Amino acid sequence: MSHVELWSISRKIEDLGSELLNQELLNHETREFSTTRDQSYRKLNEKFVLLNRAKVLRQFNIQIDIDKIEKDCLELLESKIRTIYSNCEKLASKISQDYLLARGEYDNFNLYYCNLLSIRQEIKVIHLDIQCSIENIEGMLFDKVQIWEASIQSDPRLQNVVSNLKNIKQIANNIISFRVRMNERIDHILTIYKSRHDAKAFAKLGAALNQDRDGFGQSIVSEHELFHGFSLSLFNEKTKRHNIEYVLNNLKGTDIDTTRLRRRYDSFFSIYAKIIRENLHPDMKLDQLISDTKLILGNIRQNSDTITWDADVRGQIPKLAAHIFALWTLLQADHYFEAEGLDDRDNYLIQPHAAQVISIFRLLGIGDHNEKLMNHLVQIGTGEGKSIVLAVTAMILALADFDVNCACFSEYLASHIHYGTFNILCEGIINENGDIRQLVEKLISNSKDETRNMHSKNKRLKILFIDEVDVFFSRDFYGNVYTPSASWKDTTLKSLVKFIWTHRSSDLSLSEIQSTPEYKACQEKFPNWILLIDEAINDMIADVHSFQSHDYVVKNDKIGYIEQDNIVYNVIYGYKTLFAYYHEHEQGNISTESLHDNISIRIKCGSFSYAEIPLQFEYIMGVTGTLETLSDPEKKVINNNYKIVQNTFVPSVFGKNNLRFIEKDDIIIENSDDYFNRIKREIDDRITGKNSEKRAILVFFESKAKLMQFYQSSALESIKDSVVYLTEDASLQEKETIINRATVSGQITLFTRTFGRGTDFICHDQMVATNGGTHVIQTFLSEESSEEKQIKGRTARQGDQGSYCMILLDHELEKFHIDKSHIDDILKGKGVINRMASTITDTLRITKTYHTLYDFLHDRRTDLFKTQYEENMKYVEQAKEKHLSSQKFLSSLRSGEINSVREFLIKENRGVAGRSCSRTVCLMDATGSMTHLLHKCKNTVGIMFERTSEILKDHKMDSNSFQLQFAAYRNYNSKEDKLLQSSPWETKPHNLRAFMNTIGVEGGWVNEAIEIGLWHANQEHEREPITQVILIGDAPPNSLEEVATKRGKFGKKYWKNTRFAKETYYEQELGKLMTNNISVHAFYVEKRAEEKFHEIATRTGGRCAMLDINSSLGSDMLTNLVTEEILNNIGGLSKGKDLVTAYRKKFSKSYASTAESNSTRSDLSSTSR
């Protein structure tokens, strides 16, 4: 080893030692949730292992003392660990000495103790006995618990029992790692107490705990099974005043016949009450009742020709519902028997509420004018029994021989009723006769027909049950497709892939590979599928050269991709991902095992449109809490697309909702300078209630990144000790503890939007409940009002009080096409100009006056939904054709038509033959105002590719002769990972669409960072020549002064460690593009960008035109502009004009001539330079 090499290694070892000496154990990562904390200590341990391994270098007479460096680092590490233990021990000692810890002290205890747990698990290089330290702390706490237990046993007076139970519950609720064990101790104490006292004494204990003002007593009553009967009695007492008369008087919906409903309900209740009277005794046997229940509808059979739902069946539904509910009551009657001697003993029975029974009847058409089964949605409030309504309805339909599929997570559902997320449900329907991927893998690998042994299941009529109507409008559902891919693995295929990787620099062709031993081995083993292998080889040849062009992450021995704030590992970009595994394996970042696990030929097995799946069901029914919030466009989709025309709005079993939200006063919009300060002021203003006691505050953020920006901001510094946050990264135990504490007096909790749906924030703290309840702050405008209603529903539950407000950041409203002038005009009482329709030559605009800012915001989000849904509908229409052909393939697979299967798979997996002569970078502004551009680009990219290929084929040119890359640029108020995001280079549209699915609008700062987009284009050209750039945006590039000023937001130190360390300016990057004869075609969305976009296009010999992306023709314009430039670029000087002319003749509509007259190009054919 040379002297220079030894010197370099010595410096690295010294740097590592210095890093370890300066490593703070309690840092940002170790203050995070358990997964991040464990990973941080795992990395730290790996650094110590690396330092230890460096000792082998002593044989080369290295000039540094590695042993001393290691010794110093280990001694300091152990000293820091002892400090953490000491701090934790002091707090445990306080508890053992009966000191009441403040909330901040509990948080510190959690921090110290959880770090000790992670150190024990991950740090292997130390000699400290961490286990002994942990046991010592645990011993101190459990010794104290034993003292409290002993006090209860020796002094069973009510107040003493309550006081000591509360002490234990306080630890359970505040110390994450002790929650389960402390709750077990409480259960043990309650079991002994209950065995020694009668029902009245135990009920008195429940009442005393329930009157506790700090919430720990109520928490015991609510969470511990031994008090379930007492909790049930409180619930029944609270709801029974809202009886059948109240329900029917306040019921709303279509085709309601209250007289008939009342008659059906009375029939139900008389049967239910009779069954309870006859069976409710301690030694009851329910086998006969269960058998009778199953036989009520007889041996009924449903099929596609005849649906049996006649008067006889309908007449039996109240009886069947009564039997099911009676079984539900009787099977959980233990608490009733234990309550012997209590005046309210009947309240200890779990009983159906009239609202739940009426909901079930309405879903089944019982009590309607016609009493027919129909598609139907019922609105039921949060916490009011949606799950039991869904479960009982599903059971009735299952007993009527329907195949019920539930899109929910309810544990109530019987095993033969399918449930899960909607996407999982759709995949289950598609794969119901066998997983497509496995069938294809077996068929190809065995080279013989095994599908003939498949038998279709006996198909009963299917009914789809949905929990929450939002499922129809989620981005994961409508407009998305399920594209199953089989992984074809074999040793011969691995050898072939390895050959292509090893010879990647040889510019291999298909014919050259076909002459290799590796290929011939595949041909010999899979003679019937060699054409499929050929297509895969074509794709590998293309991707082995371009795999480094896409941004990926190496983590946990996997290749992942960043989507929003998360890293996902289930995304694959063709064979680029596979070759990224090879590359990172050679760099030592991926293990051999992980590499081998990922070597396969990917076989796309069709495209199934999620939007088509519900239409395969005979009926669609559902329960939801947000039916009344549907906008007119959403109602239109529900009614027209899915034929759901029946609806019911069930009144709350708790009566009037007590949420305080004044639209005029509780919407606040701030600029970026004051946004965080305004949220902090709202917390300060609302934390103290009407009785001068502290309330609880829940703050919901759009993303983890936004939440962390606020949490780490100076605005929060003064109250940070009272603030905790929760994101999806937390473990289940961490989530439960934080959610449980969120409604305690004085607690401020920050959440990501996920927790705004379906999370129960139950308030036990009477100081909060009697002081205005929990206050909810939403810091973003939901695109769907249903999400907003869900977030509002996290407070004022079950008749309790609560309040809500929104604090919005002005520039984030740009995606709804709202700017500051709109807000100012509304606050001044002026009208706002709304764009109602648009063509290229004409736009209809009207002025509308809004009474409140909230009305305006709701109008604009409704417009956004309508526009995006219309775009999704276009894509759904495109996807339908592929869906139908994929269904046909599925049928062929099941029936064993091998030739049809082979033909479909080869066509579906057609590879890229030949090298691309045209490579286009499409730069898109992805700041707040560009929502429509990103959405329309995602939905039209497939059309761009199809049309380009079609024109090229018409002219007998290679349809694979072009590549496209999408790149989204923003501004310097976005961090490095969002300032610029780029897709891989693609010759197929589906990967680009998948990429666009990960891109959301963010930031924006007047003029935008176009210079970064142009810089990226130059970087790509250096890697492999590009032929043109397409630029789309609504703002000019930053000026030289703006670049320097805006980069100052995060500071030079931040940018220094990023790929954007060096400042650049659009003119510098433009000069490089001009030197390389690369044209930039600039399409501006707003007039303010026209001048600079015209300059950029003119100087590079490109085309400049207005792109009215926000109009109804925006998609068509985008498709035509991009496709024309690709065709012109491919054709060059000789054929470019002809290709564009042929395209316009075949595809362009009336707008084309207008668009051309409004565009400029210095030289129409210059893009072929």
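Residues numbered from 1 in each chain as written. Predicted model: local features only at pLDDT ≥ 70, side-chain atom pairs only at ≥ 80, totals over all residues. Heavy atoms only, no water.

Looking up the chain in an unreviewed UniProt entry gives the name SecA family profile domain-containing protein, with the organism given as Rotaria magnacalcarata.

Whenever I open this one, the environment of Ala203 confuses me. Can you help?
Position of Ala203 relative to the elements: it lies in helix α8 (residues 199-210). For Ala203, a relative accessible area of 14% gives the class buried. A sequence separation of 24 residues divides Ala203 from Phe227, and the C-alpha atoms of the two residues are 8.5 Å apart. Excluding residues that lie within four positions of it along the chain, Ala203 makes contacts with Phe230, Leu342 and Tyr348. (Helix = DSSP H or I, 4+ residues; strand = E, 2+ residues; numbered from the N terminus. Buried < 20%, exposed > 50% of the residue type's maximum accessible area, 1.4 Å probe, protein only. Contact = heavy atoms within 4.5 Å.)

Looking at this model, I keep getting lost on the domain arrangement of the chain. Mind explaining?
Interface size is commonly expressed as the accessible area that is lost once the parts come together. Domains assigned within the chain are domain 1 (3-154), domain 2 (224-369), domain 3 (492-601), domain 4 (658-816) and domain 5 (913-1150). In this structure, domain 2 and domain 3 have C-alpha centres spaced 59 Å apart. (Domains from an automatic or database assignment.)

Any chance you could explain the pairing of strand β14 (residues 646-649) here in plain terms?
Along a regular strand, successive side chains alternate from one face of the sheet to the other. The alternating pattern of β14 places Gln646 and Thr648 on a buried face and Asn647 and Phe649 on a face that is not buried. The sheet contact formed by strand β1 (residues 252-253) and β14 spans two bridges and is antiparallel. Bridge assignment links Lys252 to a residue of β14, and that residue is Phe649. Where strand β2 (residues 376-379) and β14 come together, four bridges link them in parallel fashion. Across the sheet, His376 pairs through a bridge with Gln646, a residue of β14. (Pairing = 2+ DSSP bridges.)

How should the packing of helix α6 (residues 158-174) against helix α9 (residues 216-223) be read in this particular structure?
When two helices pack together, their arrangement is captured by the angle between the axes and the distance separating the axes. Contact geometry for α6 and α9: axes closest at 9 Å, N-to-C directions at 80 degrees. The angle between α6 and α9 falls in the class roughly perpendicular. Of the residues in α9, those touching α6 at Leu165, Lys166, Lys169, Gln170, Asn173 and Asn174 are Phe216, Gly217, Ser219, Ile220 and Glu223. Each residue belonging to the contact of α6 with α9 can be placed in one class, and the counts come to three nonpolar, five polar and three charged. (Axes fitted to C-alpha atoms, helices over the stretch in contact; angles between N-to-C directions. Parallel < 35°, antiparallel > 145°, perpendicular 65-115°, else oblique. Nonpolar A, V, L, I, M, F, W, Y, C, P; charged D, E, K, R; others polar.)

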